[in-house]
Amino acid sequence: MPGWRTSSRVKVLMVRNVNLQLRRAPLSLLVGVNLKERYGPFVSGKFIFNAGPDVRIIPVINPANGQRVADVTSASPVEVEQAVSQAHEVFEEGIWSRSSVQHRSSILSKLARSLESRVDELATLESLQTGRTIREMKTQLGRLPEWTHQAFVAPTQGQLLNYVTRIPLGVVAQITPFNHPLLIAVKKIAPALAMGNSVIVKPSELAPLSVLEFAEMSMNSGVPSRVLQVITGTGASTGMHIVSDPRIKKVDITAGTKTGRKIGSVVGSNLGYYTAELGGKAPIVVFDDANLQSAINGTAFAAFVASGQTCVSGTRLIIQEEIYDAFMSGFLKKVQGITSRIGNPMNPLSAMGSVISPDALARISSVVSSRSSGHVLAGGEPMAGRSPLDNYDLSQGNFYPPTVIADVSTEGDLWQEEIFGPVVVVKRFKTDKEGICLANTSKYALGAGIWTTDLSRAHRVAAAIEAGVVWINCHHRNDPSSPWGGMKESGIGRENGIEALEHYSQSKSVIVNCATADEICEKEDWFAEGSQGNTRYG
């Protein structure tokens, strides 16, 4: 996804001169949402609000209508230092880090039940701050509770027992994005807490509210104060301040590749652990034996859910020649149907929401309008006027329609660069080899999709495609047990599964000599008189 930028809509304001000419969301829209007027960093188990002349306020704006949802106080450098210090102190105290696995598990289970009880409320909040449809957010957040000590005996030679345990790293920092605010945060927070770490989260300044609410929920569920803290502010300043602290033992980010490189160099200089889920440009390869309607429906879902603002969005459609015309005819009808049902994101019938900010809208428009090749088959211009679905005024938000562009060059930006919006490019291919080659013609390698009814072909192609996650006859499927991460410039490390727990812990090897004292004296005295090197070394 694109790197850190402060949106033109996200003005950083001085408290002494606050003059927000932003509309407040009507209360009727917020029924059932326990929304605070103002949020601040969640440190030591509470929200903190400083009132000095240099305190920065970031308004969180609903991208679907330009209305202010809430204000967020940005953390100061002193508050960042305080959060890291307290996270380190509580780790050293062992309140959480040395508690039993059973205790940590019971607390996280309680947190999962609390999360279940507030799914509808949090989904509404997610929709308000991201512009995504309420249907998407309720469906996605309904799965969050699923993300909530392992040891093994290693074989050794001789009379030795070697057991290995996993121990926590210490204080870990997590940088999370705007597109799936709570989902991605919980995917990172859960394994970090499960393994006993102290966690500091820096959510996107564009959509921090649900993560701040979750932090408060965690403390109410029994996670000790200072173990989970949320620091607000922009990525370029607050985020870099956090990850630069040498007491941070691991950094886990979801961001653009440029940002990932920058943060990785800082983490590396501190000899810290690093996990980065970065950009993507997922290919969708549709073979001529695919079930046509299923492939059309699945490809539309891959491309346009979340308004194309995911790192695994299906953005490069690679269609086999024999079915190209039939596929495109059906796909363009599907696109037309989605476009006609874009309306108020809070309407359960709305098919697709807005993009996150005016900056994002302008960037998407610029990439499409300045293309060096290809012709637009659908979309291609920001949306305005009234929605045919519900008469919603689309011109007040950041709405861009599903856009399809054919015959682009594989050298151009539309094929090579992540647009992070509802824009797809289409090419046809003849042979399996050509289709695989087109799929791999990218610097990114996070996700990919394959549509075919030939089981042998599906496995062959999945093995040949360069991607950390490959879907066959589906897309956007994710599970707490499924490793998630990219290759090439799409990142390093993995989320989910056993790998996530391992990445938030380190191994500790304990070797026990099981020989008797007499045997140790007789056989293991390296410096015994007359020893000829028969004693074990290693």
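Preceding this paragraph is the structure being described.
Residues numbered from 1 in each chain as written. Predicted model: local features only at pLDDT ≥ 70, side-chain atom pairs only at ≥ 80, totals over all residues. Heavy atoms only, no water.

Let us now look at the overall build of the protein. Each helix and strand counted, the protein has 16 helices and 24 strands in total. Relative to the 2.2 N^0.38 estimate, which gives 24 Å for 538 residues, the radius of gyration of the protein is 26 Å and therefore close to what a compact globule would have. For the C-alpha atoms alone, the extent of the protein along its principal axes is close to 90 × 65 × 40 Å. Here the protein holds 538 residues, and 56% of them are scored as buried. Summed over all atoms, the accessible surface of the protein reaches about 22,100 Å², with 53% contributed by carbon and sulfur. Across the protein, the centroid of the 52 positively charged side chains sits 6 Å from that of the 49 negatively charged ones. (Helix = DSSP H or I, 4+ residues; strand = E, 2+ residues; numbered from the N terminus. Rg over C-alpha atoms; globule rule 2.2 N^0.38 Å. Buried < 20%, exposed > 50% of the residue type's maximum accessible area, 1.4 Å probe, protein only. Areas by Shrake-Rupley, 256 points an atom, 1.4 Å probe, with all protein chains shown as cover. Lys, Arg positive; Asp, Glu negative; His and termini not counted. Charge placed at Lys NZ, Arg CZ, Asp CG, Glu CD.)

The next point concerns the pairing of strand E20 (residues 447–451). Where burial is concerned, most of E20 is hidden: five out of the five residues are buried. As paired elements, strand E14 (residues 282–286) and E20 share three bridges and run parallel to each other. When the bridges of E20 are listed, Ile 284 appears paired with Gly 449. Here E20 runs beside strand E21 (residues 469–472); their pairing, made up of four bridges, is parallel. Bridge pairing links Gly 447 to Val 469 in E21. Crossover E20 to E21 through helix H14 (residues 455–464) is right-handed. (Pairing = 2+ DSSP bridges. Right-handed = clockwise from strand over helix to strand, strands pointing away.)

So, about the pairing of strand E6 (residues 68–73). Counting buried residues along E6, six of its six residues qualify, which places the element largely inside the surrounding structure. Note that strand E2 (residues 38–39) and E6 share two bridges and pair parallel. Paired with Arg 38 across the two strands is Asp 71, which belongs to E6.

Moving on, we come to the packing of helix H3 (residues 119–130) against helix H6 (residues 209–220). Think of two packed helices as two axes; the pair is described by the angle between the axes and how far apart they sit. Here H3 crosses H6 at 150°, and the two axes come no closer than 9 Å. Classified by the angle between their axes, H3 and H6 sit roughly antiparallel to one another. Touching Leu 122, Leu 125, Glu 126 and Gln 129 of H3 are Leu 209, Ser 210, Glu 213 and Met 217, all from H6. The residue inventory of the contact of H3 with H6, partitioned by class, reads four nonpolar, two polar and two charged. (Axes fitted to C-alpha atoms, helices over the stretch in contact; angles between N-to-C directions. Parallel < 35°, antiparallel > 145°, perpendicular 65-115°, else oblique. Contact = heavy atoms within 4.5 Å. Nonpolar A, V, L, I, M, F, W, Y, C, P; charged D, E, K, R; others polar.)

Quick look at the state of the cysteines now. Evaluation of the coordinates by the stated rule reveals zero disulfides. Cys 474 supplies the cysteine sulfur nearest to Cys 311, a cysteine that is in no disulfide, at a spacing of 18 Å. Using a relative accessible area of 5% as the deciding quantity, one classes Cys 311 as buried. For Cys 474, a relative accessible area of 21% corresponds to the partly exposed category. (Disulfide = S-S within 2.5 Å.)

Below, the discussion takes up the side chain of Ser 74. The residue Ser 74 is located in the loop between E6 and helix H1 (77–93) in this model. Look past the residues within four positions of Ser 74 in its chain and what remains in contact with it is Pro 41, Arg 56, Ile 58, Glu 79, Thr 232, Gly 233 and Thr 238.

If you look at the biggest cluster of nonpolar residues, it comprises 48 residues, and the most contacted ones within it are Tyr 39, Leu 141, Leu 182, Ile 189, Val 199, Leu 209 and Phe 214. For this core, the secondary-structure elements that each account for two or more residues are E6, helix H2 (101–117), H3, helix H4 (134–141), helix H5 (181–194), strand E10 (198–202), H6 and strand E11 (228–230). Residue contributions to this core peak at seven residues, all from H5. Each residue touching Leu 182, except ones within four places of it in the same chain, is listed here: Leu 115, Leu 122, Glu 126, Leu 141, Leu 144, Ser 210, Val 211 and Phe 214. Ranked by size, the runner-up nonpolar core spans 36 residues in total, among them Val 425, Leu 438, Ala 467 and Trp 484. (Core = buried A, V, L, I, M, F, W, Y, C linked by side-chain atoms within 4.5 Å.)

As a further point, take the sheet that holds E20. What the seven strands build is an open sheet, ordered E16-E17-E18-E15-E14-E20-E21; its pairing is mixed. Two strands bound the open sheet, and with one partner strand each, they are strand E16 (375–378) and E21. Adjacent strand axes in the sheet meet at a mean angle of 25°, parallel and antiparallel pairs treated alike. Pairing of E14 with strand E15 (residues 314–320), which is carried by five bridges, proceeds in the parallel orientation. Paired with Val 285 across the strands is Ile 318, a residue of E15.

Before going further, it helps to spend a moment on the packing of aromatic side chains. Using the criterion set out here, one finds eight aromatic pairs in the structure. Consider the rings of Phe 42 and Phe 47, whose centres lie 5.1 Å apart with planes at 70°: the pair is edge-to-face. You'll find Phe 42 and Phe 47 in the same group, each marked buried. Geometrically, the ring pair formed by Phe 287 and Phe 429 is edge-to-face, given 5.5 Å between the ring centres and 85° between the ring planes. Of the two residues, Phe 287 sits in the loop between E14 and helix H9 (292–304) while Phe 429 sits in strand E18 (residues 423–429), which places them 142 residues apart along the sequence. No difference in accessibility class separates Phe 287 from Phe 429, as the two residues are buried. (Phe/Tyr/Trp six-rings, centres within 6.5 Å; stacked < 30°, edge-to-face > 60°.)

Now for the layout of surface pockets. For the largest pocket, the calculated volume is near 970 Å³. As for the largest pocket, its lining consists of 33 residues, and the residues nearest its centre are Arg 132, Glu 136, Phe 301, Val 305 and His 476. Contributions of two or more residues to the lining of the largest pocket are made by H4, H5, H9 and helix H10 (324–340). For the lining of the largest pocket, the residue count by class is 13 nonpolar, 11 polar and nine charged. (1 Å grid on protein atoms, 1.4 Å probe; cavity = no way out; pocket = protein on both sides within 12 Å on 5 of 7 lines; lining within 4 Å. Points joined across faces, edges and corners; volume = space filled by probe spheres on them.)

A word on the side chain of Gln 309. Inspection of the secondary structure puts Gln 309 in the loop between H9 and E15. Look at Gln 309 and you get buried, because its relative accessible area is 3%. Here Ile 356 takes part through its backbone nitrogen, which lies 3.0 Å from a polar atom of the side chain of Gln 309. Once residues within four sequence positions are removed from consideration, Gln 309 is found in contact with Phe 178, Asn 179, His 180, Ser 354, Val 355, Ile 356 and Phe 420. (Polar contact = N/O pair within 3.5 Å; in protein donor to acceptor, adjacent residues only side chain to side chain.)

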